[in-house]
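# A closer look at the structure
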Amino acid sequence: MGSELERTLSLLDAFPGLGLKAYLIREREAGSPVNQYAPFYLWASPEGMNSFLWGPGFQGIVNDFGRPVVQHWTGLAYEEGPAAASAPGAATRRRTPLGEGVPPGEAVAEAVARHAREARRDGVVASALAVDPRHWELLAFTLWAGPEAPADEGERFRVWHLSAPGRAALGAGRQW
């Protein structure tokens, strides 16, 4: 990696209020349907997210590339996995619609319990669960040790870099 890219990737390594940012990519040549840069943020505080989105760093992105779509979910749970001490090399994102006939509270409680079990699997560095009430879908995001994520876990990404200045503040076992 060139030194300019390394500097760019480490810009958020000490950003106040940031739990973690995973710099993710997926490429067609590796089996993905698209080439995509897909950063994923977990904020330890809403103030951190606000200072990022309304601050000069994000404005630089807007100036250079236009205003990107920022997707936002409500956090439900965060877990550290058995490989928490490892540097993640891969990540997965799995979206699951909440069933029409199931009360949302029941569906979320069941998903949180399932998430706690799934986060204990071998190779899991950390995992977060969120809900998008606009589309009524769950989002499970998992960081994996090693270069490959399990094929049956949803969309797979390679982790370029992980900035995690407030990872401890995310609180393993945390439920919102």
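Below, the structure is looked at part by part. (Residues numbered from 1 in each chain as written. Predicted model: local features only at pLDDT ≥ 70, side-chain atom pairs only at ≥ 80, totals over all residues. Heavy atoms only, no water.)

### Details of the overall build of the protein
Keep this limit in mind: Only runs of H or I of at least four residues qualify as helices and only runs of E of at least two qualify as strands under DSSP, and these elements are numbered from the N terminus. This radius of gyration counts C-alpha atoms alone. The globule rule is 2.2 Å times how many residues there are, raised to the power 0.38. Residue contacts follow a heavy-atom distance rule, with two residues in contact if any of their heavy atoms lie within 4.5 Å. Methods summary: accessible areas were calculated by the Shrake-Rupley approach with a probe of 1.4 Å, and residue burial reflects only the protein chains presented. In summary, the charge assignment counts Lys and Arg as positive and Asp and Glu as negative, without counting His or the chain termini. Charge placement uses NZ in Lys and CZ in Arg. For Asp and Glu, CG and CD serve respectively.
Each helix and strand in the protein was counted, giving five helices and nine strands. Along the protein, from the amino end to the carboxyl end, the secondary structure elements read α-β-β-β-α-α-β-β-α-β-β-β-α-β. Against the globule reference of 16 Å for 176 residues, the protein gives a C-alpha radius of gyration of 16 Å, in line with a compact fold. For the protein, the spread of C-alpha atoms along the principal axes amounts to about 50 × 35 × 30 Å. Taking as baseline every contact in the protein between residues at least 6 positions apart, the subset at least 24 positions apart corresponds to 72%. Accessible surface, the protein as shown: approximately 9,900 Å² in total, 55% of it carbon and sulfur. The distance from the centre of the 17 positive side-chain charges to the centre of the 20 negative ones in the protein is 2 Å.

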